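# Observations on the three-dimensional arrangement
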Amino acid sequence: MSVLHAVFAPGFFSNGPVQAALVMGAVVALVCAPVGVLAVLRGQAFAGHAFADITSTGGSAAVLLGISPVLGFAASAAAGAASMEGLGARQRGDRDLVTGTVLGGALGLSALLLYLSTTRQGTSGATVSVLFGSIFAVSAANWPWVLSLGLPALAVVAAAYRPLLLGSVSPELAAARGVRARLVSAMYLGALAASVALSALTIGAVLSTALLVGPAAAALGLSSRPGRAMAWAGAIAVVSVWAGIVLAYDSYSWPPVGRGWPVSFFVVALVTAFYAVSRAGVRRRPRRQPAGRGS
Amino acid sequence: MPDPTLPAPATPTGAAPAGALPIGAVPTGADAGRRTTPPGQRLPVLDVEGLGVRLGGRQVLSDVSFHLCQGEVAGLIGSNGAGKTTLLRAVLGLTPVSAGHVSVAGSRGRRPPVGYVPQKVVLDPDLPIRARDLVQLGQDGHRWGLPWPSAAKRAATEELLAGVGALHLADARVGQLSGGELQRVLVAHALAGGPRLLLLDEPLANLDLRSARDTVALLDCIARQQGIAVLMSTHDVNPLMGVMDRVVYLAGGRAATGPTADVVRSDVLSSLYGHHVDVLHAHGRVIVSIGDDAHRDDGCDAVPASAGVLADEPEPSRSGWR
Amino acid sequence: MLSGLFSAFMLHSWEATSVVAVAAGVVGFFVVLRGSTFAAHAIPQGAFTGAAAAALLGTSTLLGAGVFSFLAVGALARWGRRGRHDVVTALVLVIMLATGSLFLSVGSQYAQQTFSLLFGEPLAVSSAYLWPTVGLAAACTGLVLVSYRRLLLTSAAPELAGAGGVSPAAVNFWFLLAIGAATTLALPVVGALLVFSLMIGPPAAARSLTARPGVALGLSVLLALVTTWAALVGAYWSNWPLGFFVGVAAVLWYLLGRGAKAWGHRPRTAPAVGSSR
Ligand SMILES: Nc1ncnc2c1ncn2[C@@H]1O[C@H](COP(=O)(O)OP(=O)(O)OP(=O)(O)O)[C@@H](O)[C@H]1O
Ligand SMILES: [Mg+2]
């Protein structure tokens, strides 16, 4: 019992914001996992990160305009995905350039918004808090948005599962098999934008990138089957988020007492640890298990 | 969908149209007459007529015509940059054609299943996809929705892998296979869609002599037993000499096509290159040697190892063997 | 109004932005060539962490930024050797940001100074800053120019470079270090978030305008200078942050490059190979 008390500080389970954070964190982690595995396989981690900053810009613009931040997140996700697709580069190398260009435009806008909000309203709070976010600020009113961003993203991954996998092996094989590559990649970009908008909105831009990329990359070493890799990624993400919340709650009693350490720090540390352990395990293992020849 | 793993002997039904071959319609050589059924009586699978392709403002292929029938093995021969990959991609519909047309199995509208093994597939070693998953994706990789595992699918996949001698690799990650192993798995992937036409781009490029011979034998067997037309590119004619029914010889953007013995001939190749070309037969091997500067094309050993001589000599005239 | 643009006070800004532009143009050319956009975006975030650490410890902001940029470079070079580059880059990026937010929340300092580093304040560049800037710019430009051919070779064909006795990993490390140096010196001017825009916009246009690497490099520097000068004028005139103009300019340069490429690909009367006979 005392051990339990040492891990879960008193009042942990009865705390309303903590409960909401636990549930919301798990939901976001489970949406990000399959989308993230595909992002890593397709080499679109940069785009995944870019959407976090782009949608945060949308969120702070909405704050400045006095409309719902959620609307800002969703609209900027759509605009970001559309402009990346519109400028779309055919080669993989150029894709990062397009992503960077769109991201740079969004960050430039973000700089302007920060300036405007500090000169008009005398505070940089909105932009900054949007950029870093806090999982404890999740409110129950966000539920409809969580569903309307998360479910379509998962639906796209389920619908285009096989074309996406084949395309991640080789775009050429997919094209030869009759996959409509442009349609499928545009659909996936939309799903990526939606799931990142969801996570940036609920847990902040930093955590959104960490949860999208870290668990997915760690999971690749844990299973040689695509579905199982996604399941592993989900499990790692949920465990990281929950443990991060527990530690952040505990950290209120750590020095400097009463300030609390950010959740994002703990979650990022855990996700990185999972990745490092998984990579070390891959390196330790023989290249391929010798299978019974001619079985 | 016909089960691709069952041997489906090529039974000629009705009178197939006699193909308008640019060069010699009747097989005459010993190699070309190898088949029990003469090519003229088989169903045509691939028909390319007057094909032209422009890439980056350059005419890469012009006026290429040939056809391919059920169960035939054809070699797509040409030096580096001759347009072999471009031609295969044009047949697949992945590269837009600027002239002529390509029709597969008689249909010009809907895309019929064509198996394709690309020239180079670079895979990340941590890709969480096993050989059996890749073969499975060859069957249903274009379908929407989540896949449902079934015993029948599993059996079909394993049968395909066994067919290419790669059953023992079924559970290995595709990114960790060696070049030759991956090649076999990719052939199984290509066959999984039940194609009537199989295109392979440089399937022998990364293989040692024995694996190359095995691969050629395997492809020959697939063509013969399942009645699939096989078109494979290579820059060297020799490994295919025993099994090849037909040759598409690319040089300078143009093509000489026809039964093997009719194309790999001194007079035909000479007119294609615009040089005198010798075709030498020695110990079952065919050596193609080109024109006046043949000694330069064969390699360095024909040239005296003296820098002064090299520097004084004029640039060799352009030939197909660059 | 614009007469103040060339006042003695603004002279430092002109000099500093020009120096930054030259360094960004040179380094950025290889950022685009090597497809290192994500790394160029991630390394400056180390500067944010460094600034937060400096605020916590009460040391120089620029020193903190430099140290943490260097740490980011080291992590990228070390972990990026195995595994996927973009994954490693993303992880380094979030570690930097999360550590930075930890420093901010643990420290009691006012965060404004740290955040100003994210977006830059070019109009407040002091003369004391100028000489370190020039030195750092000379160092990173020199680093890139000295390894010019190796960078070209390893960008075009890594496996070829490995065979030629050039270690792609070492070249990559030095290159990332050059990005880190260019980042640190550009920080006070453009801000950590938009340094990479200055690095990718001009070269993206330059490489579409010419196929010759040397000319493209020169053009990239020229366009970077034009970008920063225009941004400086815009920032002075509107009082808006310089980063905004840089971000927008990068989008415009990219579009210009695409346009130039499309123009160049119109069907021309190019001699068709092999059809001469
Ligand atoms: N996308 C492209 N744009 C412009 N030119 C191209 C393009 N793709 C290929 N080419 C050119 O077309 C020609 C034929 O290329 P292709 O890849 O078909 O050659 P190949 O016969 O397959 O050669 P290899 O044996 O080296 O594989 C080459 O000269 C090549 O430079
Ligand atoms: Mg080729």
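Residues numbered from 1 in each chain as written. Chains lettered and ligands numbered in written order. Predicted model: local features only at pLDDT ≥ 70, side-chain atom pairs only at ≥ 80, totals over all residues. Heavy atoms only, no water.

Helices and strands together make up the secondary structure of chain C, namely twelve helices and zero strands. Along chain C, helices and strands appear, N-terminal first, in the series α-α-α-α-α-α-α-α-α-α-α-α. Sorting the 277 residues of chain C into buried and exposed places 55% on the buried side. Intrachain contacts of chain C at a sequence separation of at least 6 include 78% that bridge at least 24 residues. Total accessible area on chain C stands at roughly 11,400 Å², and carbon and sulfur atoms take up 69% of it. (Helix = DSSP H or I, 4+ residues; strand = E, 2+ residues; numbered from the N terminus. Buried < 20%, exposed > 50% of the residue type's maximum accessible area, 1.4 Å probe, protein only. Contact = heavy atoms within 4.5 Å. Areas by Shrake-Rupley, 256 points an atom, 1.4 Å probe, with all protein chains shown as cover.)

Residues spaced three or four apart along an α-helix face the same direction, because each turn holds 3.6 residues. Across the ten residues that make up helix H2 (residues 131-140) of chain B, a large majority, ten, are buried. Residues of H2 of chain B that are buried include every one of Ala131, Arg132, Asp133, Leu134, Val135, Gln136, Leu137, Gly138, Gln139 and Asp140 of chain B, and no others. Of the surrounding secondary structure, the elements contacted by the buried residues of H2 of chain B are helix H8 (161-169), helix H9 (171-176) and helix H12 (226-250) of chain A together with helix H3 (151-163) and helix H4 (179-192) of chain B.

Right, let's talk about the coordination of the magnesium ion (ligand 2) for a bit. All names here are of chain B. Protein coordination of the magnesium ion (ligand 2) is provided by Thr85 (OG1) and Gln119 (OE1), with donor distances spanning 1.9 to 2.2 Å. Of this pair, Thr85 sits in helix H1 (residues 84-92) while Gln119 sits in the loop between strand E5 (114-117) and H2, and the two are 34 residues apart along the sequence. Taking the relative accessible area as the measure of exposure, Thr85 reaches 25% and is therefore partly exposed. Using a relative accessible area of 41% as the deciding quantity, one classes Gln119 as partly exposed. (Donors = N, O, S within 2.8 Å, 3.2 Å for Na, K, Ca; no water.)

Attention now goes to the packing of aromatic side chains. In total, this model carries eleven aromatic pairs over all chains according to the counting rule given. Judged by centre distance (6.0 Å) and plane angle (15°), the rings of Trp261 of chain A and Phe266 of chain A are stacked. Of the residues examined, Trp261 of chain A reaches a relative accessible area of 24% and is grouped as partly exposed. Plain terms: the ring middles of Phe30 of chain C and Tyr148 of chain C are 5.8 Å apart, the flat faces sit at 80° to each other, and that makes the pair edge-to-face. Residue Phe30 of chain C is located in helix H1 (residues 8-34), and its partner Tyr148 of chain C is located in helix H7 (residues 148-156); the two are separated by 118 residues in the primary sequence. According to the relative accessible area criterion, Phe30 of chain C is buried, its value standing at 0%. An aromatic cluster of at least three residues, connected via ring pairs, comprises Trp261, Phe265 and Phe266 of chain A. (Phe/Tyr/Trp six-rings, centres within 6.5 Å; stacked < 30°, edge-to-face > 60°.)

Below, the discussion takes up the state of the cysteines. Residue and element names in this part refer to chain B. Tallying each qualifying case throughout the model produces zero disulfides over all chains. The thiol sulfur of Cys69 is not disulfide-bonded, and the nearest other cysteine sulfur, from Cys221, lies at 20 Å. You can call Cys69 buried: its relative accessible area is 4%. (Disulfide = S-S within 2.5 Å.)

A few words now on the interface of chain C and chain A. Taken together, the contact between chain C and chain A spans 51 residues of the former and 52 residues of the latter. Carbon and sulfur atoms make up 74% of the area that chain C and chain A hide from each other, which totals about 4,100 Å². Counting across the chain C and chain A interface gives one salt bridge. Of the charged contacts in the structure, one is a salt bridge between Asp94 of chain A and Arg207 of chain C, with a shortest N-O distance of 3.3 Å. For the interface between chain C and chain A, the tally reads six residue pairs in polar contact (both at pLDDT 80 or more). Elements represented by at least two residues in the side of chain C that touches chain A include exactly helix H2 (37-57), helix H4 (85-106), helix H5 (112-119), helix H10 (195-209) and helix H12 (242-264) of chain C. Considering every element that reaches the side of chain C that touches chain A, the biggest residue donor is H4 of chain C, with 16 residues. Classifying every residue of the side of chain C that touches chain A by side-chain character gives 30 nonpolar, 15 polar and six charged. (Buried area = accessible area lost by both parts, 1.4 Å probe. Salt bridge = Lys/Arg side-chain N within 4 Å of Asp/Glu carboxyl O. Polar contact = N/O pair within 3.5 Å; in protein donor to acceptor, adjacent residues only side chain to side chain. Nonpolar A, V, L, I, M, F, W, Y, C, P; charged D, E, K, R; others polar.)

All names here are of chain B. Here three strands make up an open sheet; going across it, the order is E2-E1-E4 and the pairing antiparallel. Each having just a single partner strand, strand E2 (58-69) and strand E4 (99-104) make up the two edges of the open sheet. Averaged over all pairs of adjacent strands, the angle between strand axes in this sheet comes to 15°, irrespective of strand direction. With eight bridges connecting them, strand E1 (residues 44-55) and E2 associate as antiparallel partners. Paired with Val53 across the two strands is Leu61, which belongs to E2. (Pairing = 2+ DSSP bridges. Axes fitted to C-alpha atoms, helices over the stretch in contact; angles between N-to-C directions.)

Next up on the list: the packing of helix H4 (residues 69-87) of chain A against helix H10 (residues 181-203) of chain A. Residue and element names in this part refer to chain A. Taken N-terminus to C-terminus, the directions of H4 and H10 make an angle of 150°; their axes are 9 Å apart at the nearest point. Comparing their axes, H10 and H4 come out roughly antiparallel. Regarding H4 and H10, the two cross each other, and that crossing is right-handed. Taken together, the residues of H10 that come into contact with H4 (itself represented by Val70, Phe73, Ala77, Ala81, Met84 and Glu85) are Arg182, Ala186, Leu189, Ala193, Ala197, Ala200 and Leu201. (Parallel < 35°, antiparallel > 145°, perpendicular 65-115°, else oblique. Left-handed = near helix turned anticlockwise from the far one by under 90°.)

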